[in-house]
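If you want the building blocks of each chain, they are given just below.
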Amino acid sequence: QVRVVESGGGSVQPGGSLSPSCAASGSIFRFSSNGWYRQAPGKQRELVTSITRDGITNYADSVKGRFTISRDAAKNTVYLQMNSLKPEDTAVYYCKVEELGYDYWGQGTQVTVSS
């Protein structure tokens, strides 16, 4: 059974940075692809960024140039570096691990950007 746990969210002022991470235990991580999604109150969950097992990345237009996804297969961990944060980035951020045809989600980590 794959277990996904996010950490590293928090509260920052506009223009600040956060770097949440996502650890996947029980995963054949090298065969997985990964994504970060977010869901703001009253809105649908949306894809923020993803990375394939070959390291190919994809970003939503709203975060291009500000967010960076990376992964460390040796640590079964996915990282999200978020810079120049804006109030509209406020949401619960979820990590997804796609592995051998199955999707595994974490419980989410809150990111709040406010002055």
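Residues numbered from 1 in each chain as written. Predicted model: local features only at pLDDT ≥ 70, side-chain atom pairs only at ≥ 80, totals over all residues. Heavy atoms only, no water.

K.L.:
Can you walk me through the state of the cysteines in this structure?
P.N.:
Working definition of a disulfide: a covalent bond connecting the sulfur atoms of two cysteines. Inspection of the entire model under this criterion finds 1 disulfide. There is a disulfide in this structure between Cys22 and Cys95, and the S-S distance comes to 2.1 Å. Handedness of the Cys22-Cys95 disulfide follows from its S-S torsion of about -75 degrees: it is left-handed. A residue pair is termed long-range when its members are at least 10 positions apart, and Cys22 in strand 3 (residues 21-25) and Cys95 in strand 9 (residues 91-99) qualify at 73 residues. The residues Cys22 and Cys95 share a single accessibility class, namely buried. (Disulfide = S-S within 2.5 Å. Helix = DSSP H or I, 4+ residues; strand = E, 2+ residues; numbered from the N terminus. Buried < 20%, exposed > 50% of the residue type's maximum accessible area, 1.4 Å probe, protein only.)

K.L.:
How should I be thinking about the side chain of Arg66 in this particular structure?
P.N.:
Here Arg66 shows up in the loop between strand 6 (57-59) and strand 7 (67-72). Beyond its immediate sequence surroundings of up to four residues, Arg66 is in contact with Gln81, Met82, Asn83, Ser84, Leu85, Lys86 and Asp89. (Contact = heavy atoms within 4.5 Å.)

K.L.:
Would you take a moment to explain the packing of aromatic side chains for this structure?
P.N.:
Given two aromatic rings, their pairing is described by the distance between the two centres and the angle made by the two planes. Overall, the coordinates contain 1 aromatic pair when judged by the stated rule. Over the ring of Tyr94 we find Arg45; its NZ or CZ atom is 3.7 Å from the centre of that ring. The ring centre of Trp105 lies 4.7 Å from the NZ or CZ of Arg45, which sits over that ring. (Phe/Tyr/Trp six-rings, centres within 6.5 Å; stacked < 30°, edge-to-face > 60°. Lys NZ or Arg CZ within 6 Å of the ring centre and 35° of its normal.)

K.L.:
Looking at this model, I keep getting lost on the sheet that holds strand 1 (residues 3-7). Mind explaining?
P.N.:
Strands belonging to one sheet form pairs held by backbone hydrogen bonds; the direction of such a pair is parallel or antiparallel. Taken in spatial order, the 4 strands make up an open sheet running 1-3-8-7, and their pairing is antiparallel. In this open sheet, the two strands that pair with only one neighbour each are strand 1 and strand 7. Direction aside, neighbouring strands of the sheet carry axes that sit 15 degrees apart on average. Note: strand 1 against strand 3, 5 bridges, orientation antiparallel. Each bridged residue has a counterpart across the sheet, and for Glu6 the counterpart in strand 3 is Cys22. (Pairing = 2+ DSSP bridges. Axes fitted to C-alpha atoms, helices over the stretch in contact; angles between N-to-C directions.)

K.L.:
Would you mind going over the environment of Gln44 with me for this structure?
P.N.:
Relative to the elements of secondary structure, Gln44 occurs in the loop between strand 4 (33-39) and strand 5 (46-51). In this structure, the C-alpha to C-alpha distance between Gln44 and Val63, residues 19 residues apart in sequence, is 17 Å. Aside from chain neighbours lying at most four places away, what touches Gln44 is Arg38 and Gln39.

K.L.:
Can you walk me through the pattern of salt bridges in this structure?
P.N.:
When the charged atoms of two side chains lie near each other, side chains of opposite charge can form a pair. Enumeration over the complete set of coordinates arrives at 6 salt bridges. Here Arg38 and Glu46 are joined by a salt bridge, their closest N and O atoms 2.8 Å apart. Residue classification places Arg38 among the buried residues on the basis of a relative accessible area of 6%. Exposure remark for Glu46: the relative accessible area of 36% places this residue in the partly exposed category. Across the pair Arg38 and Asp89 runs a salt bridge whose closest N-O atoms are separated by 2.9 Å. (Salt bridge = Lys/Arg side-chain N within 4 Å of Asp/Glu carboxyl O.)

K.L.:
Mind showing me how you'd approach the side chain of Glu6 here?
P.N.:
The residue Glu6 is located in strand 1 in this model. Here Glu6 occupies a buried position and makes no salt bridge, while the nearest side chain of opposite charge, Arg45, is found at 7.4 Å. A distance of 2.7 Å separates a polar atom in the side chain of Glu6 from the backbone nitrogen of Cys95. Separated by 2.8 Å, the side chain of Glu6 and the backbone nitrogen of Gly108 make a polar contact. (Lys, Arg positive; Asp, Glu negative; His and termini not counted. Polar contact = N/O pair within 3.5 Å; in protein donor to acceptor, adjacent residues only side chain to side chain.)

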